[in-house]
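Tertiary structure, described
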Amino acid sequence: MDFGLSEQDVAVQAAARAFATEHLAPAARRADEDGSFDATRVPLLGEAGLLGGPIDPAYGGRGWTHIQWVLALMELGAVDSSWRGFATVQTCLCGMLLERFGTDAQKSTLLPQLTAGSSVFAYALTEPEAGTDVASLRTTATADGDGWTLDGTKHWITNGGVADHVLVFANADPDAGKNGITCFLVPGDAAGLARAPVEGRELGHRASDHATLTFDGVRVGPGDVGGGVGGGFEVAMGGLGEGRLGVAAGAVGIQQAALDQCLDWTRTRRQFGRRIGDFQLVQSDLSEMYASLESTRLLTLKAAWQRDQGESNHRAVSVAKWAACEAAVTAADRAVLLHGARGYTSAYPVERLLRDAKGLQIYEGTAHIQRIIIARDLLGKESR
Ligand SMILES: Cc1cc2nc3c(=O)[nH]c(=O)nc-3n(C[C@H](O)[C@H](O)[C@H](O)COP(=O)(O)OP(=O)(O)OC[C@H]3O[C@@H](n4cnc5c(N)ncnc54)[C@H](O)[C@@H]3O)c2cc1C
C-alpha cells in the first residue's frame, strides 16, 4: 500500500491550484454576489486540461488517472464550488458518459469541443415530479419518422441556459418503465426547446447557471441517441457514478478551504489576551475538521484508485460522496462560528463555503439516497 503521490500527480495538483488561484479566486466573491455565470472562463478551463482531464487524448483529453482528476477537482472546489461544479457536469456527467456510451461519430464530433471548452454541455435528468425517483421521469420521446419528438420539462439543469448541447433523458416506451428511458443529444438552440432560469435565488453555487428546460415537440434524429434506445437508465447512472466522485472531491476542497481559513484566523484573532486558537474548545473544532478532511480525502482517493484499477467502485463512491459532503457542511458551519460576526458576512469566504456545501448534499443523489445505496449494497438481495 502506497499513500504517496507520483510526480505527475503532484504536477497536476499544483497546476490546478495555480489555475484556481489565478483565474477563479479573484472573481469568486463578486460572481457569487452578482449571481453571474462568466462563459469566458470555459475555454480557459479547457486549455488547462480541467475539462478533459480523464478523457482520452484522442478526443482532446489529458488521459489523467482518476486520482489525478480528483486531485484537480479538490483544488477547484477549495476556491469556487460553482466552477468545480461546472467541470464536474461538463467532464463527468457529459464527457465521460459520451466517451463510454457515445457512437464514434458523436465522440469524434462532440468530445473535442467539450474538452477544449469551445462548447458547453448540460445533463438534463431531473424533472419537477422526478427528482430522487429518476426512473419515474415523464419526458417522452415519441417515434416520429426515422427519429423522435421530445415533450416534457426538466429543471435545475446546471449550464441549462447556456449549453450548446444537452444530454436529455426521455422515455421512448413508458410501458417499459425505466427500460424505456433513452438518452438523446439535443442542440441548445433546437426548435421547441425553451430555457428559463430556475425560480427563486439559489442558496449557493450562485456563479453557476441553473435552468428549467421545456421541450415542446423537439425533433431528434436517429444519430442523436447515446447508449441505444432503452439504454438511458444505465447511461444516466453511469454519468452519476463519475459525477459523484467529482462532488466528493469538491467537498474535500471545501473542507480544506474552511480549515485553512480557520487556521489563519485563529492564529491572529485575539480575545481575553490570547489568540483564540489557544482555547481548547477552538482546538477541538480545528482538530475535528482536520480529522474529517483527512478521512474523507482518503475515501475519495480510494474510490478514484479503485476506478483506475478497473474495479467496481460503486459503494466506495457513495461512501465518499456522502461522508465528504456531510463533513463539508460541518466544516463550513464551524468555520462561520470560529470567525464570529465576520464569518456571517460575504467579506470573508466562509459563509459562501457553507451555502455551497449545502448544495453538495442534494445534487447527484441526496445524502439520504447515498446511504440507501450503501445499505442495499451491504445487505444484498434477499433470496426467496
Ligand atoms: C445546485 C444544483 C445543481 C443541480 N444540477 C443538476 C443537473 O445538472 N442536472 C440534473 O438533472 N439535476 C440537477 N440538480 C437536481 C438534483 O439532482 C435534484 O435536486 C436531486 O436529485 C433531488 O431531487 P429533488 O430536488 O426533486 O428532491 P426529492 O427527490 O423530492 O427529495 C426531497 C427529499 O426527500 C428525500 N427522499 C426522496 N426519496 C427518498 C427515499 N426513497 N428515501 C429517503 N429519502 C428520500 C430526499 O433525500 C430529499 O431529502 C441540481 C440540483 C442543485 C441543487
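Everything discussed here concerns the structure shown above.
To keep things clear, this report deals only with the structure shown in the data block. Computed from a predicted structure; not experimentally measured. (Residues numbered from 1 in each chain as written. Predicted model: local features only at pLDDT ≥ 70, side-chain atom pairs only at ≥ 80, totals over all residues. Heavy atoms only, no water.)

**With respect to the side chain of Asp-285**
For clarity, the cut-off: To qualify as a helix, a DSSP run of H or I must reach at least 4 residues; to qualify as a strand, a run of E must reach at least 2; elements of each kind are numbered from the N terminus. Any two residues whose heavy atoms approach within 4.5 Å at even a single point are treated as in contact.
Inspection of the secondary structure puts Asp-285 in helix 7 (residues 280-308). When near neighbours in sequence (up to four residues on either side) are disregarded, Asp-285 contacts Arg-334 and Leu-338.

**Here we look at the nonpolar core**
Rules: Residues belong to one nonpolar core when they are buried, are Ala, Val, Leu, Ile, Met, Phe, Trp, Tyr or Cys, and are joined through side-chain atoms within 4.5 Å. Only protein chains enter the accessibility calculation, which uses a 1.4 Å probe; a residue is then buried when its area is under 20% of its type maximum, exposed when over 50%, and partly exposed in between.
Grouped together as the largest cluster of nonpolar side chains are 104 residues, with contacts concentrated most on Leu-76, Tyr-123, Leu-150, Phe-169, Phe-184 and Val-186. Here the element with the most residues in this core is helix 6 (residues 232-268); it accounts for 14 residues.

**Details of unusual backbone geometry**
Its identity is not glycine, yet Trp-156 carries a phi of approximately 60°, on the positive side. Along the chain, the position of Trp-156 falls in strand 3 (residues 147-158). One non-glycine residue, His-205, lies in positive phi territory at about 50°. Assessed through its relative accessible area of 6%, His-205 is described here as buried.

**Here's the deal with the site of the ligand**
Stated precisely, the cut-off is as follows: Being near a molecule or strand, for a residue, comes down to having at least one heavy atom within 4 Å of it. Whenever two N or O atoms come within 3.5 Å, that pair is a polar contact, provided that in protein one can donate a hydrogen and the other can accept it, and provided that, for residues adjacent in sequence, both atoms are side-chain atoms. Here the Shrake-Rupley method, with its probe set to 1.4 Å, supplies the accessible areas, and only the displayed protein chains count as covering residues.
In the neighbourhood of the ligand, 15 residues make up the surrounding shell, with Thr-126, Thr-132, Trp-156, Thr-366 and His-368 lying closest. Within the contact set of the ligand, a nitrogen atom lies 2.7 Å away from a side-chain nitrogen or oxygen of Thr-126. Thr-366 is positioned with one of its side-chain polar atoms (N or O) 2.6 Å from an oxygen atom of the ligand. Protein burial of the ligand: of its 980 Å² of free accessible surface, 64% is covered by the chains.

**Details of the pattern of salt bridges**
Side-chain pairing between opposite charges can occur once the charged atoms of the two side chains come close. Note the threshold: Within this document, salt bridges are pairs made up of a side-chain nitrogen of Lys or Arg and a carboxyl oxygen of Asp or Glu, the two lying within 4 Å of each other.
For the coordinates displayed, the defined rule picks out 15 salt bridges. One salt bridge connects Asp-146 with Arg-219, and the closest N-O pair in it is separated by 3.9 Å. Of the two residues, Asp-146 sits in the loop between strand 2 (140-144) and strand 3 while Arg-219 sits in strand 7 (residues 210-220), which places them 73 residues apart along the sequence. Asp-146 gets classed as exposed once you look at its relative accessible area, which sits at 55%. One connected set of salt bridges, linked through shared partners, spans Asp-32, Glu-351 and Arg-355.

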